[in-house]
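# Topology and contacts: notes
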Amino acid sequence: MTAPAYRQIAAELRAAIERGDYPEGAVLPKLEEIAQQYGIAKQTAREAVAELENEGLVEAVRRRGTVVRPIPSRRRLNRSRQVYRDDRGYYFDPTAQPWIALETPDIGWGPAPRDIAPLLDVRPGDEVLVRDRVMGNPDTRRPTQLATSYLPAPLARGTRLAERDTGPGGIYDLLESMGHGPLQWQESTSARMPTPREAERLALPRGVPLLRIVRTTTSPAGTVLEINDTRMSAEDFEIGHTITRHTSAEPTP
């Protein structure tokens, strides 16, 4: 089956970008010029360029046109599968340790998202406590991640967990002081496309996915106390691990 015309044009423009015909910061031809060059309608040219935008290869820049985006230098988050602590409380990787909440946390009650509900042992739509924060560099004030905590309503209602200021050490110190510790954690990493709101808050260019780390906090008995959903730019960050040899992989003498 022959690909639609706009995809054929997008493939040619993509190849030109990969070859370096249009280096980083270069401006693609105008839609009228693309249409004339390939003998297509202007709308078809627009669809071709939109496909490249959706892939994150180019972006529309006011008063310049469609510009080839640079390949960013990703910062590695070394998830050593350890929990650390400083004077502000627990944290989970050294890269993020200096980040702070750039805005007043948004605290409220709302329905559990359908992908979070089973992790929290509640039904989709059940009311839960939602603690939403925008984290970032304290010097540049640039947002680096969105961190949302979901806590079961029976656990949080009527406690300091539902207040904006949970005291020194945050919700984890508070949970342990409430008798639920020592806390235990598990986490998983995945990726997805951002919602329009998430893209706006993190200033994500079109076509850039989210790197998503979902952490489950449990009591020693295995009771789920919190689900933390952290999202950041998959273009700016990558997850790194140190690989060590298992005894079965020791070099042969």
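Check the entry above for the structure.
Notes on the structure in this doc start here. Given the structure is predicted, the values throughout are model-derived calculations rather than measurements. (Residues numbered from 1 in each chain as written. Predicted model: local features only at pLDDT ≥ 70, side-chain atom pairs only at ≥ 80, totals over all residues. Heavy atoms only, no water.)

Turning our eyes to something else, we now look at the packing of aromatic side chains. Overall, the coordinates contain seven aromatic pairs when judged by the stated rule. Pairwise contacts between aromatic rings join Y90, F92, Y172 and W185 into one cluster. The cationic tip of R85 hangs over the ring face of Y90; the distance from NZ or CZ to the ring centre is 4.8 Å. (Phe/Tyr/Trp six-rings, centres within 6.5 Å; stacked < 30°, edge-to-face > 60°. Lys NZ or Arg CZ within 6 Å of the ring centre and 35° of its normal.)

Once that is clear, we can look at the pairing of strand β1 (residues 58–61). Looking at chain direction, β1 and strand β2 (residues 65–68) are connected through four bridges and run antiparallel. For V61, the partnering residue across the bridge sits in β2 and is G65. Hairpin connection, β1 to β2: the antiparallel pair is bridged by three residues, and R63 has positive phi, about 70°. (Pairing = 2+ DSSP bridges. Helix = DSSP H or I, 4+ residues; strand = E, 2+ residues; numbered from the N terminus.)

To continue, consider the pattern of salt bridges. One pass over the structure, following the stated rule, counts 18 salt bridges. Of the charged contacts in the structure, one is a salt bridge between R14 and E51, with a shortest N-O distance of 3.5 Å. Note that R14 is positioned in helix α1 (residues 5–19) and E51 in helix α3 (residues 42–54), a separation of 37 residues in sequence. Residue classification places E51 among the buried residues on the basis of a relative accessible area of 18%. The residue D229 makes a salt bridge to R212 at a minimum N-O spacing of 3.0 Å. Residue D229 is found in strand β12 (residues 224–233), and its partner R212 is found in strand β11 (residues 210–218); the two are separated by 17 residues along the sequence. You'll find D229 and R212 in the same group, each marked buried. (Salt bridge = Lys/Arg side-chain N within 4 Å of Asp/Glu carboxyl O. Buried < 20%, exposed > 50% of the residue type's maximum accessible area, 1.4 Å probe, protein only.)

This brings us to the packing of α1 against α3. The geometry of α1 relative to α3 is characterised by a closest axis approach of 8 Å and an angle of 50° between their N-to-C directions. What the angle tells us is that α1 and α3 run oblique. Crossing of α1 over α3 shows right-handed handedness. Between α1 and α3, the contacting residues are A5, Y6, R7, I9, A10, L13, R14 and I17 on the first element and T44, E47, A48, E51 and L52 on the second. (Axes fitted to C-alpha atoms, helices over the stretch in contact; angles between N-to-C directions. Parallel < 35°, antiparallel > 145°, perpendicular 65-115°, else oblique. Left-handed = near helix turned anticlockwise from the far one by under 90°. Contact = heavy atoms within 4.5 Å.)

Think of an α-helix as turning once every 3.6 residues; residues three or four places apart then point the same way. The terminal C-alpha atoms of α1 lie 21 Å apart, and with 15 residues this matches the ideal 21 Å at 1.5 Å per residue to within 8%. Every buried residue belonging to α1 is among I9, A10, L13, A16 and I17, and all of these are buried. Buried residues of α1 fall within an arc of 120° about the axis and therefore sit on the same side. More than 90 degrees from the buried face of α1, the exposed residues found are E18 and R19. (Expected span 1.5 Å × (residues − 1). Arc of directions from axis to C-beta.)

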